[in-house]
Amino acid sequence: MEQIRLANPKDAIHIAMLGRITFKETFGSLFRDPNDLKNYLNATFSVRKIENSLKKANNIYWIAFVDALPVGYAKLKLTSPSQFLQSDNVSQLQKIYVLQDFLSMKIGKRLQDLLISKAFKFGASAIWLSVLDSNTRAINFYQKNDFKSVGVHEFSIGKETFKFKAMAKLLNLDGKIS
């Protein structure tokens, strides 16, 4: 049985583990130095960091379970301006991570729908995200769900520099994507 619910600080341990596993599953092969990956995972997905993030009013997390096992999560930043959008009244889809074995269950789509609905109810004019430009599976998923490319940027982790595509989806008529 599948369940998706709002996460709370007690879920930090599950979210930290899911983040580590799904990030490594998806991006681990892109790191030439395993220490760069390890350092990033330790810094980004520590239980303490996730606990603190869960407590921030601007962040909303959902966690997905299948047969009581945590299999994915999503994070929305309610207010998160982007250099690629004219409005400051935008939300950011910061993470949708689902374990590979559960991708076919469309949990990512259900998580995305919850994020978009919450951003819309919050009154955001648009929702934006960054996706690795070589992650065609994710780009196709977002394009299929009406996200448009709005810019590119780079992000460095250790010795690696990655190119990202910024994408956005219009939520209200007063927002502009271009």
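Everything quoted here is computed from the prediction, not taken from an experiment.

Analysis parameters
- Residues numbered from 1 in each chain as written.
- Predicted model: local features only at pLDDT ≥ 70, side-chain atom pairs only at ≥ 80, totals over all residues.
- Heavy atoms only, no water.
- Helix = DSSP H or I, 4+ residues; strand = E, 2+ residues; numbered from the N terminus.
- Buried < 20%, exposed > 50% of the residue type's maximum accessible area, 1.4 Å probe, protein only.
- Polar contact = N/O pair within 3.5 Å; in protein donor to acceptor, adjacent residues only side chain to side chain.
- Contact = heavy atoms within 4.5 Å.
- Pairing = 2+ DSSP bridges.
- Axes fitted to C-alpha atoms, helices over the stretch in contact; angles between N-to-C directions.
- Phe/Tyr/Trp six-rings, centres within 6.5 Å; stacked < 30°, edge-to-face > 60°.
- 1 Å grid on protein atoms, 1.4 Å probe; cavity = no way out; pocket = protein on both sides within 12 Å on 5 of 7 lines; lining within 4 Å.
- Points joined across faces, edges and corners; volume = space filled by probe spheres on them.
- Nonpolar A, V, L, I, M, F, W, Y, C, P; charged D, E, K, R; others polar.
- Parallel < 35°, antiparallel > 145°, perpendicular 65-115°, else oblique.
- Left-handed = near helix turned anticlockwise from the far one by under 90°.

*Asks:* Even after reading the chapter, I still don't get the side chain of E160, so can you show me in this structure?
*Replies:* Here E160 is to be found in strand 7 (residues 160–170). Residue class for E160 comes out buried when judged on its relative accessible area of 8%. At 2.9 Å, the side chain of E160 and the side chain of R32 are in polar contact. Setting aside its immediate chain neighbours within four residues, E160 contacts L30, F31, R32, D33 and F155.

*Asks:* How do you make sense of the sheet that holds strand 5 (residues 126–132) when you look at a structure like this?
*Replies:* The pairing of strands in a sheet comes from backbone hydrogen bonds and takes either a parallel or an antiparallel form. Read from one edge of the open sheet, seven strands run 1-2-3-4-5-7-6, paired in mixed fashion. In this open sheet, the two strands that pair with only one neighbour each are strand 1 (2–6) and strand 6 (148–157). Each strand axis lies, on average, 25° off the axis of its neighbour in the sheet, ignoring direction. Relative to strand 2 (residues 59–66), strand 1 runs antiparallel, the two being bridged by five bridges. Paired with E2 across the two strands is V66, which belongs to strand 2. Those strands touched by helix 4 (residues 107–122) are strand 1, strand 2, strand 3 (69–77), strand 4 (90–98), strand 5 and strand 7, and its axis lies near 165° from that of strand 4.

*Asks:* Help me out: how do you make sense of the packing of aromatic side chains in this one?
*Replies:* Aromatic ring pairs are described here by two measures, namely the spacing of the ring centres and the angle between the planes. Under the defined criterion, the tally for this structure stands at 12 aromatic pairs. With a centroid separation of 6.3 Å and an interplanar angle of 55°, the aromatic rings of F23 and F31 are classed as tilted. Given the relative accessible area of 9%, F31 is considered buried. Centre to centre, the rings of Y142 and F147 are 5.4 Å apart; their planes meet at 70°, and the pair counts as edge-to-face. In this structure Y142 comes out as buried when scored by relative accessible area, which is 8%. Taken together through their ring pairs, the aromatic side chains of F23, F27, F31, Y40, F45, Y61, Y73, Y97 and F162 make up a single cluster.

*Asks:* Sorry, what's going on with the layout of surface pockets here?
*Replies:* The method is simple in principle: a probe with the dimensions of a water molecule rolls over the atoms, and the space it marks as empty is what remains. Empty space within the largest pocket amounts to approximately 1,200 Å³. In terms of lining, the largest pocket is formed by 48 residues, of which the most central are Q94, K95, I96, Y97 and S130. Ranked by residues supplied to the lining of the largest pocket, first place goes to strand 4 with seven residues. Grouping the amino acids of the lining of the largest pocket by side-chain chemistry returns 25 nonpolar, 13 polar and 10 charged.

*Asks:* I keep staring at the pairing of strand 7 and nothing clicks. Help me out?
*Replies:* Here is the key point about a regular strand: its side chains alternate between the two faces of the sheet. Sheet analysis places strand 5 next to strand 7, joined by seven bridges and oriented antiparallel. Paired with L129 across the two strands is M167, which belongs to strand 7. Across nine bridges, strand 6 lies against strand 7 in antiparallel orientation. Paired with I157 across the two strands is E160, which belongs to strand 7. The turn linking strand 6 back onto strand 7 is made up of two residues, and G158 within it adopts a positive phi angle of 60°.

*Asks:* Help me understand the packing of helix 1 (residues 12–27) against helix 2 (residues 34–44) in this model?
*Replies:* Their axes nearest at 10 Å, the elements helix 1 and helix 2 cross at an angle of 150°. When the interaxial angle is binned, helix 1 and helix 2 end up roughly antiparallel. For the element pair helix 1 and helix 2, the recorded crossing hand is right-handed. Contacts between helix 1 and helix 2 involve R20, F23 and K24 on the former and, on the latter, L37, Y40, L41 and N42. Grouping the constituent residues of the contact of helix 1 with helix 2 by class yields four nonpolar, one polar and two charged.

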